[in-house]
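A closer look at the structure
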Amino acid sequence: MAKGSIVAGVLAPHPPHLVYAENPPQNEPRAECGWEVLRWGYERCRANIKALKPDVLIVHSPHWPTFVGHHFLGLPRFQGLSVDPVFPHLFRYTYDVAIDVPLSLAIKERCDQAGMTTSVVKNPAFRLDYGSIISLHLINPLWDIPVVFISANQAAFYYSNEIGAQVAADLGHATRAAIEESGKRCVLLASCSLSHRHFVNEPEIPEDMSYERIHHHGQYLWDMKVLEMMRRGQTRELLDIMPEFIEMATSEVKAGCLTWMLEAMGVPDYPAEVHAYGTVIGTGNAVVEWNPMRSGRTH
Ligand code: 2X7
Ligand code: FE2
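Here is a short report on the structure shown in this document.

Each value, and the rule that gives it
- As a convention, each chain's residues are numbered from 1 in the sequence order in which they are written.
- Labels follow written order: the first chain is A, the first ligand is 1, and so on.
- Note on the predicted model: pLDDT of at least 70 is required for a residue's local features to be given, and 80 or more for side-chain atom pairs to be given and counted; whole-chain, interface and lining totals, by contrast, use all residues.
- The exposure scheme places C-beta atoms from the backbone and then counts, for each residue, the other C-beta atoms within 10 Å of its own, assigning buried at 20 or more, exposed at 12 or fewer, and partly exposed in between.
- Every helix listed is a DSSP run of H or I at least four residues long, and every strand listed is a run of E at least two residues long, numbered separately from the N terminus.
- Should DSSP find at least two bridges between two strands, the strands are taken to pair.
- Placing a C-beta atom from the backbone of each residue, we mark the residue near a molecule or strand if the atom is within 6 Å of it.
- All residues other than Ala, Val, Leu, Ile, Met, Phe, Trp, Tyr, Cys, Pro, Asp, Glu, Lys and Arg, Gly among them, are scored as polar; the first ten of these are nonpolar and the last four charged.
- Note on geometry: axes are C-alpha line fits, over the in-contact stretch for helices, and angles between N-to-C directions span 0 to 180 degrees.
- For classification, angles of less than 35 degrees are called roughly parallel, those exceeding 145 degrees roughly antiparallel, those between 65 and 115 degrees roughly perpendicular, and all remaining angles oblique.
- A crossing counts as left-handed when the near helix is turned anticlockwise from the far one by less than a right angle, and as right-handed when that turn is clockwise.
- What counts as a contact here is a pair of residues whose C-beta atoms, placed from the backbone, lie within 7 Å.
- As used throughout, a nonpolar core is a set of buried Ala, Val, Leu, Ile, Met, Phe, Trp, Tyr and Cys residues joined through C-beta atoms within 7 Å of each other.

On to the pairing of strand β8 (residues 185-190). For β8, a buried count of five out of six residues is recorded, marking the element as mostly surrounded by other parts of the structure. One ladder, built from six bridges, connects strand β1 (residues 5-11) with β8; its direction is parallel. Counted as the bridge partner of I6 is C186 from β8.

Turning our eyes to something else, we now look at the site of ligand 1. Contacts to ligand 1 come from H14, P15, P16, G131, S193, H198, E252, V280, I281 and T283. In terms of residue class, the shell around ligand 1 is built from four nonpolar, five polar and one charged.

Running from N to C, helix α6 (residues 161-182) and helix α8 (residues 235-249) cross one another at 125°; their axes reach a closest spacing of 9 Å. Relative to α8, the element α6 lies oblique. The interaxial crossing formed by α6 with α8 has right-handed handedness. Residues N161, E162 and A165 of α6 touch α8, and the partners they reach there are M242, P243 and I246. A class-by-class count of the residues in the contact of α6 with α8 yields four nonpolar, one polar and one charged.

With a phi close to 50°, K53 is a non-glycine residue in the positive phi region. Examined against the element boundaries, K53 turns out to sit in the loop between α2 (36-51) and β2 (56-66).

Right, let's talk about the nonpolar core for a bit. Residues V10, L189 and A190 are the most contacted members of the largest nonpolar core, which totals 82 residues. Ranked by the residues each element gives to this core, the list is headed by α6, at seven residues.

To continue, consider the packing of α6 against helix α9 (residues 257-264). Between α6 and α9, the shortest axis-to-axis distance is 7 Å and the interhelical angle comes to 45°. Our classification of the angle between α6 and α9 gives oblique. In the packing of α6 onto α9, the handedness of the crossing is right-handed. Of the residues in α9, those in contact with A165, A168, A169, L171, G172, H173, T175 and R176 of α6 are T259, W260, M261, E263 and A264.

In structure tokens form, the structure reads like this:
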């Protein structure tokens, strides 16, 4: 069997507004428009990912936070209604998701071997988190590729951002080892925003773009700094400043998603492709693709 590989990694933010504005049949609320720059960026990224013909999409999301280790899904199918607790008027999404259970359990096994705490969800009524569902929908609205969900273990981040990063890195290395053994072509999704201060009031028409802007300038400067590092392939340096970015911009990368993905990909030193940057209720969001084939690097 050929060695499995990570064929791409995507920073795939999950504001529910983006699915709301797309009006897919799975989502109840209807929108007129909104957040086009981000949505068009997702469109371009989606085409690149589709061209890679991945066997599996693996997603790590802050909205499946766990406090005793990392959790994995152990059933082949989950169906249900996902409702964003803060934006229930924007996101009420009926999902039907196929899980790659062998790969999910193989990553769990690799984590166990590395001395990490894990557990497996076997409750068919378990409700999948909205962050993962949104990123997966925006990357593959047809849902025709099996997925693996990984929970965000927050215990180490409570201790410090630096220790949190170490645990996220261990998870990344375990993920990569399991993928290589699986023989599968995988795409990783780090489901998070960049800067994450947001407004607490919404306009009467949520998609009224005359209200949409960054929460404050300092936050924008941080987003531009980290995007420039991604565009230059300075990923090691980015990981070095991540603890400070988390503090200064209240960044959602605190959940470990981006660190997990970059570490699993071997800390790529080639330029990432920034498909779009935009704000959603004041937060900074970017769709960014690390694709070794497109950057001229092979595995
Ligand atoms: O979960 C989110 C988010 N991360 C960013 C913006 C708006 C809503 O929800
Ligand atoms: Fe979020």
